[in-house]
Amino acid sequence: MSNKNALITGITGQDGAYLSQLLLSKGYAVYGILARRSSDTLWRLRELGVADQVTLLDGDLTDLSSLIRAMDVSKADEVYNLGAQSFVGSSWQQPLLTAQVDGVGALNVLEAVRIVNPKARFYQASTSEMFGLIQAEMQDETTPFYPRSPYGVAKLMAHWATVNYRESFGLHASSGILFNHESPLRGIEFVTRKVTDAVARIKLGQQKELRLGNIDSKRDWGFAGDYVEAMWLMTQQAEGGDYVVATGETTTVRKMCEIAFEHVGLNVNDHLIIDEKFFRPAEVDVLLGNPAKAKAKLGWSPKTSLQKLIEMMVEADLRRLTTR
């Protein structure tokens, strides 16, 4: 068992909750940055049963002084920057906020690490959205980036800042270029959870239809619980590096919907309505990751199929709706 300390930004998000669970199981003392919000943000940590086992510190990615204090208090050996304005759709309405939180915010965390403990190992949550208008049929660590949203642009800044701090200051800094990863803890605004929640409600007679935009777009979907293991493995390597984390399989939104509806014995065509208001200003049509480097160097591979993942999410939403 470890006696290390870890500091996680975005600890209240999907990935932060699963990563906290993983690190606690390995004996880490886990600290998390908690940005004060009016809504309840701790429900994911509670759902995994770890809310009382992590130490929450007041702070914000846009406030360097709070990050320096968090580094000082936590005595972190490993720092995981998972905090972000992570909903791609909102980034067109809030491009400056997205740039400040996702781009400059990552730079603030890197600075805090460099100032307080440059020996700490740093992980940056990069994203497949940086590939955007894809330049190769299957994307790996050498594929050129072409972001198609303010979110992708901001994350690309953070990604290159991580590379730069590794090369300029010798930080053990890694980026996980994670493709879409979902779970029962996914926010309701994300398409997979929007689908599974709607399917559960339709099954229970609480609503009749599901409205979506481009259902022909393709994504490489995996389980967040599998992907946080890759994050941890990156910080255990002798040197920092960049890794694509993906399943290597791509599926349409339409097919994902079919899996969800079929699980509860419903026909997707009876309930799905295409609504133009959900189409994006610039669409990313296909994302397909090549996780060969992560498999070879980290020994990592995904364990959960899309079928199993979507069924798990539908079951979780059915449970939530029937126990309310």
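See the structure printed just above.
About the criteria used
- Residues numbered from 1 in each chain as written.
- Predicted model: local features only at pLDDT ≥ 70, side-chain atom pairs only at ≥ 80, totals over all residues.
- Heavy atoms only, no water.
- Pairing = 2+ DSSP bridges.
- Helix = DSSP H or I, 4+ residues; strand = E, 2+ residues; numbered from the N terminus.
- Axes fitted to C-alpha atoms, helices over the stretch in contact; angles between N-to-C directions.
- Contact = heavy atoms within 4.5 Å.
- Buried < 20%, exposed > 50% of the residue type's maximum accessible area, 1.4 Å probe, protein only.
- Salt bridge = Lys/Arg side-chain N within 4 Å of Asp/Glu carboxyl O.

(A) Local environment of the sheet that holds strand S11 (residues 242–245). The 7 strands are arranged S3-S2-S1-S4-S5-S6-S11 in an open sheet whose pairing can be described as parallel. Strands with a single pairing partner mark the edges of an open sheet, and in this sheet they are strand S3 (55–58) and S11. Ignoring which end each strand starts from, the neighbouring axes of this sheet average 20° apart. Direction of pairing for strand S1 (residues 5–9) relative to strand S2 (residues 29–34): parallel, over a ladder of 4 bridges. Across the sheet, Ala6 pairs through a bridge with Val30, a residue of S2. Across the sheet, helix H1 (residues 14–25) is in contact with S1, S2, strand S4 (78–81) and strand S6 (172–178); its angle to S1 comes to roughly 175°.

(B) Spotlight on unusual backbone geometry. If you check the backbone angles, Lys75 has positive phi at about 50° while not being a glycine. Turning to its location among the elements, Lys75 is positioned in the loop between helix H3 (64–74) and S4.

(C) A look at the side chain of Thr251. Topologically, Thr251 is positioned in strand S12 (residues 251–252). The class of Thr251 is buried, set by a relative accessible area of 17%. With sequence-adjacent residues up to four places away left out, Thr251 is seen in contact with Ser217, Lys218, Arg219, Trp221, Met256 and Leu306.

(D) Structural view of the pattern of salt bridges. Under the criterion given, the structure shown has 13 salt bridges. The residue Arg193 makes a salt bridge to Asp317 at a minimum N-O spacing of 2.9 Å. Of this pair, Arg193 sits in helix H6 (residues 191–203) while Asp317 sits in helix H10 (residues 306–323), placing them 124 residues apart in sequence. Taken as a pair, Arg193 and Asp317 share a single burial class, namely buried. Several salt bridges converge on common partners, so that one network encompasses Glu47, Arg193, Asp317 and Arg320.

From the geometry alone we can't say anything about function, so treat these as descriptive.
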